[in-house]
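# Chains, contacts and geometry: an overview
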There are 2 protein chains.
Amino acid sequence: MKRASTRIRWNLKVATLLVALLVVLPAAAHGQAQRDPLPSWNNGPAKQAILTFVRDTTDPHSSKYVEPDDRIATFDQDGTLWTEYPLYTQARFALDRVEKLAPQHPEWRRQQPFKAILGDNREAMSKFTEGDWMQILAATHAGMSTEAFEGLVRQWIATAKAPRFNRPYTDLVYQPMLEVMRYLREKGFKTYIVTGGGQEFVRAYSERVYAIPPEQVVGSSIVTRYQLVDGKPELIREPKVFFVDDGPGKAVGINLFIGKRPIAAFGNSGGDAQMLQWTQAGKGARLMMLVYHDDAKREYAYGPAGGLPETQVGTFSDALMAQAKKQGWVVISMKNDWKRIFPFDK
Amino acid sequence: MKRASTRIRWNLKVATLLVALLVVLPAAAHGQAQRDPLPSWNNGPAKQAILTFVRDTTDPHSSKYVEPDDRIATFDQDGTLWTEYPLYTQARFALDRVEKLAPQHPEWRRQQPFKAILGDNREAMSKFTEGDWMQILAATHAGMSTEAFEGLVRQWIATAKAPRFNRPYTDLVYQPMLEVMRYLREKGFKTYIVTGGGQEFVRAYSERVYAIPPEQVVGSSIVTRYQLVDGKPELIREPKVFFVDDGPGKAVGINLFIGKRPIAAFGNSGGDAQMLQWTQAGKGARLMMLVYHDDAKREYAYGPAGGLPETQVGTFSDALMAQAKKQGWVVISMKNDWKRIFPFDK
């Protein structure tokens, strides 16, 4: 009885506190409701499209309401969540790794594609074929356990710096997109990265950088082989492509890994077109957006849509721009829609 | 002001209700704390192993505490969560589908393996090779969109009945395992199915039957191809194996789909050994369990471990039993550890 009455007293105390909170908090909450969830976005059609979509799909009284379990949003990474120009970050990792491994491979001084990398021959590197990149991938991404690879990526990404900005690559994430992802999660969405890049590469930092856990990163992968090493099981990375999560592969990957169709999808290049198409083909409210890199001053300008320079990374062609217009996909102008690009911008 | 005071009055009302709840509920909750989370388990080492593991990994004061994000538990399906004997449910689906499609394929009356199925030649069917099953798979699981396939599975599983029990296959789930999964989820675990069966097959009913959403079902899969059909994107299932989630493939699949190592794993046959091994090889508290089918009366008895009959479905060999003993994997005796097998048992 003593314990029960203590419990009742304690509970009454808690209840009193709750009364106070319930009377006081609403005013604060009312103020908070006015808080802009997307402060780094300029007011315009892109920002408005996001706000309208979220309101429509999360308001239980809306005809476009979507159950929380089905609130799936997918994001391309390179060029959509962080800078990809002039070279994908993962390619930089591979090149740095070639340099680091070179002393153990004297033959590389005479063999392409390694010779070009070690001689910093930009001209030759810009012409690397898929076969060249496969050789680089095999030399830098395979022949080790998944754990060892994760360790290499973590170490590299903590120390390597992007030349133009002289900052870690993980600083070059787009503040407006971080806000969109956070806002969607606050509203009960599950946010996924769906990247043409390496799934295990991105997983090594996705939680820290994007607050996205490993199981919500879908990407390209190579074959892994189960093997006992000194009696301990390891997954050994093989120099063989398993799955290419790009273009039509993004729709395949979404179905394979998530098993649900997204209701919102964000990309920036031709490799994202099928993901947006797949997203749009479902019933009910949908949001498809493409980041357009038209800000040479604060980041980069490349297209070639709208007469911007050609690129070897994510291509935004005139055809993609026309498709976006036709399908009602919202094009985000980095220059006009984003007040701030990087978290470190003032 | 009027609206604000209405809000305060309303909140006071809510608060009053909360006081009542806070004083009244604890007594009920106290009773509930004593509630057995595993009522269909007999007291014994298997039940104790589960309770101890969950207490150790979820008590913040325990040296074996595991953060909620890392509380991953994986479950084989066939023979671990539901009945697999004498034939996998998915194989039954395939055979039924052959019967259904036969009128459109008169040539099947003369062609193996179809002839054996249509003639109900059990002897011939028991000798089907992997090549035979691939032909059956191609004829029954491919050549349609993922959506169409899901529809077929949903329809079949809602109507087909398991011969011995004359009940839907989804009734033949193990009540004790449903309790383990629910208990783990209540304790902050994420429960995954990791099955040698078809990922899209299991996803068609996993949410309803196991409360496991599609993205937490890892399984075997065939290739899908993105294709526009009348301008609408479809994923077409191709007659080509993409990934076999069995044996070593279960460790590969876990890494591929989850990207984290489980801390608990449940299986019932040799195809689960590597999943348990992979689980055990991580640091900290681990729980590895194997269901042993030794209950011919209430379900089935097969091994061949312990002298039980041989089987064509999940094999529990003497070698696996020895491995379990050596590694400290807990063997669940259906006969002795389970008070109740199916939800419909009294």
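Further up the page is the structure itself.
Owing to the predicted nature of the structure, the values given are computational and were not obtained by experimental measurement. (Residues numbered from 1 in each chain as written. Chains lettered and ligands numbered in written order. Predicted model: local features only at pLDDT ≥ 70, side-chain atom pairs only at ≥ 80, totals over all residues. Heavy atoms only, no water.)

So, about unusual backbone geometry. Residue and element names in this part refer to chain A. In this structure, P86 follows Y85 across a cis peptide bond, with omega equal to 0°. Tracing the backbone shows P86 in the loop between β1 (72-75) and α3 (89-101). Here the bond from Q112 into P113 is cis, since omega is 5°, no more than 30 degrees from zero. Along the chain, P113 turns up in the loop between α3 and α4 (114-118). In this structure, A211 takes a positive phi of about 60° despite not being glycine. Mapped onto the fold, A211 is located in the loop between α10 (206-210) and β5 (217-229). (Helix = DSSP H or I, 4+ residues; strand = E, 2+ residues; numbered from the N terminus.)

Residue and element names in this part refer to chain B. The sheet built from seven strands is open, its strands ordered β6-β5-β4-β1-β7-β8-β9 with mixed pairing. Edge strands, defined here as strands with exactly one partner in the open sheet, are β6 (232-243) and β9 (330-333). Within this sheet the neighbouring strands show an average axis-to-axis angle of 30°, counted without direction. The pairing of strand β1 (residues 72-75) with strand β4 (residues 190-198) spans four bridges and is parallel. By the bridge assignment, F75 is partnered in β4 with I193. Packed onto the sheet, helix α2 (residues 45-58) meets β7 (264-267), β8 (287-292) and β9 and runs at close to 155° relative to β8. (Pairing = 2+ DSSP bridges. Axes fitted to C-alpha atoms, helices over the stretch in contact; angles between N-to-C directions. Contact = heavy atoms within 4.5 Å.)

Residues and elements named next belong to chain A. Here seven strands make up an open sheet; going across it, the order is β6-β5-β4-β1-β7-β8-β9 and the pairing mixed. Strands at the two margins of the open sheet, each flanked by one partner only, are β6 (232-243) and β9 (330-333). Sheet twist, expressed as the average angle between the axes of neighbouring strands with direction ignored, equals 30°. Helix-sheet contacts for helix α2 (residues 45-58) involve β7 (264-267), β8 (287-292) and β9, and the interaxial angle to β8 is about 155°.

Turning next to the packing of aromatic side chains. Counting across every chain of the model gives 48 aromatic pairs over all chains. Aromatic side chains W156 of chain B and F201 of chain B sit 6.5 Å apart centroid to centroid with 50° between the ring planes, which places their arrangement in the tilted category. In this pair, W156 of chain B sits in helix α7 (residues 146-159) while F201 of chain B sits in helix α9 (residues 199-203), placing the two residues 45 residues apart along the sequence. Note on accessibility: W156 of chain B and F201 of chain B belong to one class, buried. An aromatic cluster of at least three residues, connected via ring pairs, comprises W41, Y85, F165, Y174, Y300, Y302, W338, F342 and F344 of chain A. When the ring centre of W278 of chain A is taken as reference, the NZ or CZ atom of R261 of chain A above it lies at 3.8 Å. The ring of F149 of chain B is capped by R237 of chain B, whose NZ or CZ atom sits 3.8 Å from the centre of that ring. (Phe/Tyr/Trp six-rings, centres within 6.5 Å; stacked < 30°, edge-to-face > 60°. Buried < 20%, exposed > 50% of the residue type's maximum accessible area, 1.4 Å probe, protein only. Lys NZ or Arg CZ within 6 Å of the ring centre and 35° of its normal.)

Judged by side-chain charge, E67, D69 and D70 of chain A together with E207 of chain B come together as a negatively charged surface patch. Its relative accessible area of 37% is what places E207 of chain B among the partly exposed residues. (Patch = residues over 30% accessible without salt bridge, like charges linked within 9 Å, V, L, I, M, F, W, Y side chains within 5 Å. Areas by Shrake-Rupley, 256 points an atom, 1.4 Å probe, with all protein chains shown as cover. Salt bridge = Lys/Arg side-chain N within 4 Å of Asp/Glu carboxyl O. Lys, Arg positive; Asp, Glu negative; His and termini not counted. Charge placed at Lys NZ, Arg CZ, Asp CG, Glu CD.)

Residue and element names in this part refer to chain A. Tallied over the entire structure, the rule returns 32 salt bridges over all chains. Here K64 and D56 are joined by a salt bridge, their closest N and O atoms 3.7 Å apart. You can call K64 partly exposed: its relative accessible area is 42%. Overall, D56 belongs to the buried group, its relative accessible area being 18%. Salt bridges sharing partners connect three or more residues here, namely D76, K250 and D272.

Turning next to α2 of chain A. Residues and elements named next belong to chain A. The first and last C-alpha atoms of α2 sit 20 Å apart over 14 residues, in line with the 20 Å expected at 1.5 Å per residue. Among the 14 residues of α2, ten are classified as buried, and the element is accordingly described as predominantly covered. Listed in full, the buried residues belonging to α2 are A46, K47, A49, I50, L51, F53, V54, D56, T57 and T58. On its buried face, α2 sits against α8 (175-186), β7, β8, β9 and α14 (334-337). (Expected span 1.5 Å × (residues − 1).)

Residues and elements named next belong to chain B. In contact at an axis separation of 11 Å, α2 and helix α8 (residues 175-186) are set at 10° when each is read in the N-to-C sense. Regarding the angle of α2 to α8, the classification is roughly parallel. From α2, I50, L51 and V54 reach across to α8, where they touch V180, Y183 and L184. Here the residues of the contact of α2 with α8 sort into six nonpolar, no polar and no charged. (Parallel < 35°, antiparallel > 145°, perpendicular 65-115°, else oblique. Nonpolar A, V, L, I, M, F, W, Y, C, P; charged D, E, K, R; others polar.)

What follows is about the environment of S126 of chain B. Mapped onto the secondary structure, S126 of chain B falls in the loop between α5 (122-125) and α6 (130-141). Separated by ten residues in sequence, S126 of chain B and A116 of chain B place their C-alpha atoms 9.9 Å apart.

This next bit is on α6 of chain B. Residues and elements named next belong to chain B. With twelve residues, α6 should cover 16 Å at 1.5 Å per step; its first-to-last C-alpha distance of 15 Å lies within 8% of that length. Three or more residues of α6 are buried, namely D132, I136, T140 and H141. The arc enclosing the buried residues of α6, seen along the axis, measures out at 130°, which places them on a common side. Just downstream of α6, G143 is the residue with a positive phi angle, here 75°. (Arc of directions from axis to C-beta.)

Turning next to the pairing of β8 of chain A. All names here are of chain A. Within β8, six of the six residues are buried, leaving the element largely enclosed by the surrounding structure. Two elements, β7 and β8, share four bridges in a ladder whose sense is parallel. Its bridge partner lying in β8, A264 is registered against L287. Of the strand pairs in this sheet, β8 and β9 are connected by four bridges, and their pairing is parallel. Its bridge partner being in β9, V291 is matched across the sheet by I332. Once the chain exits β8 it traverses helix α13 (residues 318-327) before rejoining the sheet at β9, and the crossover so formed is right-handed. (Right-handed = clockwise from strand over helix to strand, strands pointing away.)

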